[in-house]
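# Secondary and tertiary structure notes
For reference, the chains in residue letters:
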Amino acid sequence: LAGKQEGFNDGKGRGNIFFNISRIANFNRPKVLFLENVKNLTSHDNGNTFKVIIGSLEEAGYNVDAYTNEGNIFEKIILRDHTHILKSVIPFRI
């Protein structure tokens, strides 16, 4: 496994970057926001980290959907599987 798997408890503050992005997005209210992270985001801390992120976006009034892709679909540019989160003020489904 890559990284220390500390999630929101990362001692260097990296685990809280999402909350900064969310704060900025809620202030600017973009119509669409695309986020990506490693595949493990969906299962970290038994899925609780992912639930907090999705819940935070939904509480802000966004329609949220997420999917995980295989890293090799981008011709080896991205070598690991990633989770993608799309939030929008317009209802949609991926």
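Rules used throughout
Residues numbered from 1 in each chain as written. Predicted model: local features only at pLDDT ≥ 70, side-chain atom pairs only at ≥ 80, totals over all residues. Heavy atoms only, no water. Helix = DSSP H or I, 4+ residues; strand = E, 2+ residues; numbered from the N terminus. Buried < 20%, exposed > 50% of the residue type's maximum accessible area, 1.4 Å probe, protein only. Contact = heavy atoms within 4.5 Å. Areas by Shrake-Rupley, 256 points an atom, 1.4 Å probe, with all protein chains shown as cover. Core = buried A, V, L, I, M, F, W, Y, C linked by side-chain atoms within 4.5 Å. pLDDT = per-residue confidence, 0-100. Phe/Tyr/Trp six-rings, centres within 6.5 Å; stacked < 30°, edge-to-face > 60°.

## Considering the overall build of the chain
Along its length, the chain carries two helices and three strands. Taken from N to C terminus, the helices and strands of the chain fall in the order α-β-α-β-β. Across the 94 residues of the chain, 30% fall into the buried class. When contacts within the chain are restricted to residue pairs at least 6 apart in sequence, long-range pairs at least 24 apart make up 64% of them. Summed over its atoms, the accessible surface of the chain is roughly 6,500 Å², and 54% of this surface lies on carbon and sulfur atoms.

## Here's the deal with the nonpolar core
Core analysis: the largest hydrophobic core is formed by 13 residues, its most contacted members being Leu35, Ile53, Leu57, Val64 and Ile85. At four residues, the largest contribution of residues to this core is made by helix α2 (residues 48-59). Residues in contact with Ile53, not counting those within four places in the same chain, are Phe8, Phe18, Leu41 and Ile85.

## Describing unusual backbone geometry
One non-glycine residue, Asp45, lies in the positive phi region at around 50°. Within the chain, Asn46 stands out as a residue other than glycine whose phi angle is a positive 55°.

## Here's the deal with the confidence of the model for the chain
Across the chain, pLDDT averages 75, with 70% of residues at or above 70. Within the chain, no element has a lower average pLDDT than strand β3 (residues 82-88), which sits at 68, and none a higher one than α2, at 89.

## Comments concerning the environment of Phe8
Tracing the sequence through the fold places Phe8 in the segment before α1 (17-28). A relative accessible area of 22% places Phe8 in the partly exposed class. Along the backbone, Phe8 and Phe18 are ten residues apart, and their C-alpha atoms lie at a distance of 9.1 Å. Non-local contacts of Phe8, meaning those with residues more than four positions away in its chain, are made with Gly15, Asn16, Phe19, Thr49, Val52 and Ile53.

## Focus: the environment of Ala60
Turning to its location among the elements, Ala60 is positioned in the loop between α2 and β2 (63-69). Taking the C-alpha atoms as reference points, Ala60 and Arg23, 37 residues apart in sequence, are found 9.8 Å from one another.

## Comments concerning the packing of aromatic side chains
We describe a pair of aromatic rings using the distance from one ring centre to the other and the angle between the two ring planes. Throughout the structure, instances matching the rule amount to one aromatic pair. A ring pair is formed by Phe18 and Phe19, whose centres lie 5.3 Å apart and whose planes are at 70°; its orientation type is edge-to-face. The class for Phe18 is buried, based on a relative accessible area of 9%.

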